[in-house]
Amino acid sequence: MRCILALDQGTTSSRAIVFDHDGAVRGAAQREFRQIFPQPGWVEHDATEIWATQSGVMHEAIAKAGITAADIAAIGITNQRETTVVWERATGRPIANAIVWQDRRTASLCDELRAAGCAPLIAAKTGLVLDAYFSGTKLKWLLDNVPAARERAARGELAFGTIDSWLVFQLTGGRRHVTDPSNASRTLLFDIRRGAWDDELLRLFDIPQSVLPEVVESSGVCAQTLLDGVRVPIGGIAGDQQAALFGQACLSPGLAKNTYGTGCFLLLNTGRKAVASTNNLLTTVAWKRDGSIDYALEGSVFIGGAVVQWLRDGLQVIRAASEVEALAASVPDTAGVYFVPAFAGLGAPHWDPYARGAMFGLTRGSTKAHIARAALESIAFQSADVLDAMQKDADVTLAELRVDGGATANDLLMQFQADILGVPVVRPKVLETTALGAAYLAGLAVGYWKGDDDIAANWQVDRRFEPQASRERIAELRGGWDKAVERTRRWA
């Protein structure tokens, strides 16, 4: 049986997964890589280490699946999105560490542009809030601060890309420098309605056109890679959250998913209509297929599963992330403790880069179990804030929320999420929906799957979490959460 290989390059690890025609995992491999924190608010990755780990797990997953490169019908790529790499075209070497999407070093530049009245123009063209989260200000910072970078860019010696572009460049030995619209739409440089790089935005951020990748369709053969002597087509590219939306079979307007990874990312498919948000959400490209762009509304929570990593590595109250559910479940509630994990500021719908993390309601009776439970609940509270804004923007009432990502294995969190939202939370059998979405986009491009009906037929429910708490109790809890969030604002 032929298979599809998905490369899933995430914020903390690189993964590769081999899927069969039923969407089942045949083989998988994963490796973590370093998180670099040069100073407070700065987050970097070594792009060469990203490529080394991604290349390694690619070969490992193929071996675990018991297949050869000749059995791979196509490769799909999905990636952490706004993370920014600039490299030498001639050598393929980065000129500096990649600046990660969580990095806040360009917050002051965003303040200057906002004060100059640029935010409405940027929002109208890109669908994005003017924030340090996105790639455009990171790219400008690299060109301005790496010695000779701007001069070299002007001579056409340098290439910019999000991680998808970096991987394709490496996979093709430097022959292809491309991205897809889902990733391009996260740069602050791309007009999402025209589906093209925008000259006015490039002038605003002082970005030369020469560094930009070619924009290709999310599903379509854009390149080939030589894998163990076999030419294998690269057939799909999508940013991780858009790939997860596709992998969850949210293929028609009104369907939504929430991915619980390092952050939480809630996307609602709005079809061919780019819905402008009035509630501080993002309008983003979902994907481009067969010449047409589909759009989504998105709310981004910066710290989701990463709060559990912090409990493990920072506070050291657990030894492994898997221990958090049992610890949190050892108490019936948080005993009034609220934990706002604004370690990197607050994302949607608040967009406050100067917020900082805090705990409230601590007493002498508070224990590590209460803190662990409050940390888990913070993930659900933040997602509920986003969903409220999304339903107002799209004028829809969600019937259910499809969920994926590592933290969805936590039944306590999923039940609390259903309680807070007041709608069922549905977990699929295959949780690797980000990688699966990339696989689907690639497989459709080469005819491995014939159409959307094949994709929808593969989606199966593992468990459905129904709301159980009273609305009065939930209103009380959310009132406390709102008060806690307000007290973290504008701290730094």
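Here's a quick rundown of the structure. (Residues numbered from 1 in each chain as written. Predicted model: local features only at pLDDT ≥ 70, side-chain atom pairs only at ≥ 80, totals over all residues. Heavy atoms only, no water.)

1. Here we look at unusual backbone geometry
- Following Ala348, the chain continues into Pro349 via a peptide bond in cis, with omega recorded as -5°.
- As for its position among the elements, Pro349 is in the loop between β19 (338-340) and β20 (358-360).
- The backbone of Ala148 shows a phi angle near 70°, a positive value even though the residue is not glycine.
- Mapped onto the secondary structure, Ala148 falls in the loop between α4 (135-145) and α5 (149-154). (Helix = DSSP H or I, 4+ residues; strand = E, 2+ residues; numbered from the N terminus.)

2. Looking at the environment of Val275
- Mapped onto the secondary structure, Val275 falls in the loop between β16 (264-271) and β17 (282-289).
- When its relative accessible area of 13% is taken as the criterion, Val275 is described as buried.
- As a C-alpha pair, Val275 and Tyr295 span 20 residues in sequence and 8.0 Å in three-dimensional space. (Buried < 20%, exposed > 50% of the residue type's maximum accessible area, 1.4 Å probe, protein only.)

3. Focus: the packing of helix α10 (residues 306-313) against helix α12 (residues 368-394)
- At a closest axis distance of 9 Å, the pairing of α10 and α12 adopts a crossing angle of 160°. When the axes of α10 and α12 are compared, the pair comes out roughly antiparallel. Seen along the crossing, α10 lies across α12 with a hand that is right-handed. Contacts between α10 and α12 involve Val307, Val308 and Leu311 from the former and Ile371, Ala372, Ala375, Leu376, Ser378 and Ile379 from the latter.
- Counted by class, the contact of α10 with α12 contains 8 nonpolar, 1 polar and no charged residues. (Axes fitted to C-alpha atoms, helices over the stretch in contact; angles between N-to-C directions. Parallel < 35°, antiparallel > 145°, perpendicular 65-115°, else oblique. Left-handed = near helix turned anticlockwise from the far one by under 90°. Contact = heavy atoms within 4.5 Å. Nonpolar A, V, L, I, M, F, W, Y, C, P; charged D, E, K, R; others polar.)

4. Focus: the pairing of strand β14 (residues 230-239)
- Counting buried residues along β14, 8 of its 10 residues qualify, which places the element largely inside the surrounding structure.
- Note: strand β5 (residues 72-79) against β14, 5 bridges, orientation parallel. Bridged to Gly76 within β14 is Gly236.
- When strand β13 (residues 219-227) meets β14, the two strands line up antiparallel, connected through 6 bridges. The partner of Ser219 across the bridge, within β14, is Gly236.
- Hairpin connection of β13 to β14: 2 residues between the antiparallel strands, including Asp228 at a positive phi of 50°. (Pairing = 2+ DSSP bridges.)

5. Looking at the environment of Ala116
- As for its placement among the helices and strands, Ala116 is situated in the loop between α2 (107-115) and α3 (119-126).
- A sequence separation of 162 residues divides Ala116 from Thr278, and the C-alpha atoms of the two residues are 21 Å apart.

6. As for the sheet that holds β16
- Within the open sheet, the 7 strands sit side by side as β17-β18-β16-β15-β21-β22-β23. Their pairing is mixed. Pairing within the sheet leaves two strands with one partner each, and these edge strands are β17 and β23 (461-465). Each adjacent strand pair in this sheet contributes to an overall mean axis angle of 30°, direction not counted.
- Relative to strand β22 (residues 425-428), strand β21 (residues 401-404) is paired through 2 bridges, and the arrangement is parallel. Among the inter-strand pairings, Leu401 is bridged to a residue of β22, identified as Val425.

7. Regarding the packing of helix α13 (residues 411-421) against helix α16 (residues 471-488)
- At a minimum axis distance of 9 Å, the contact between α13 and α16 shows a crossing angle of 100°. Relative to α16, α13 is oriented roughly perpendicular. Where α13 abuts α16, its residues Phe416, Asp419, Ile420 and Leu421 lie against Arg471, Ile474, Leu477 and Arg478.
- Residues of the contact of α13 with α16, tallied by class, amount to 5 nonpolar, no polar and 3 charged.

8. Describing the packing of aromatic side chains
- Scanning the entire structure with this criterion turns up 21 aromatic pairs.
- Taking the centre distance of 6.3 Å and the plane angle of 35° together, the rings of Phe134 and Trp351 count as tilted. Highlighted residues: Phe134 in the loop between α3 and α4 and Trp351 in the loop between β19 and β20, separated in sequence by 217 residues. Take Phe134 and Trp351: they sit in the same class, and that class is buried.
- Pairing Phe381 with Phe416 gives two aromatic rings, centres 5.5 Å apart and planes at 85°, and the pair type is edge-to-face. Pair noted here: Phe381 is in helix α12 and Phe416 is in helix α13, with a separation of 35 residues, a long-range link. Taken as a pair, Phe381 and Phe416 share a single burial class, namely buried. (Phe/Tyr/Trp six-rings, centres within 6.5 Å; stacked < 30°, edge-to-face > 60°.)

9. Some words on the sheet that holds β14
- If you trace the 6 strands from one edge of the open sheet to the other, you get β3-β2-β1-β5-β14-β13, paired in mixed fashion. The sheet is open, and its two edges are formed by β3 (25-32) and β13, each paired on a single side. Each strand axis lies, on average, 25° off the axis of its neighbour in the sheet, ignoring direction.
- One ladder, built from 6 bridges, connects strand β1 (residues 3-9) with strand β2 (residues 13-19); its direction is antiparallel. When the sheet's bridge partners are listed, Asp8 is paired in β2 with Arg15.
- Packing of helix α6 (residues 163-171) onto the sheet brings it into contact with β1, β5, β13 and β14, and relative to β5 it is tilted by some 145°.
- Running over the sheet, helix α14 (residues 433-445) touches β1, β2, β5, β13 and β14 and is turned about 135° from β5.

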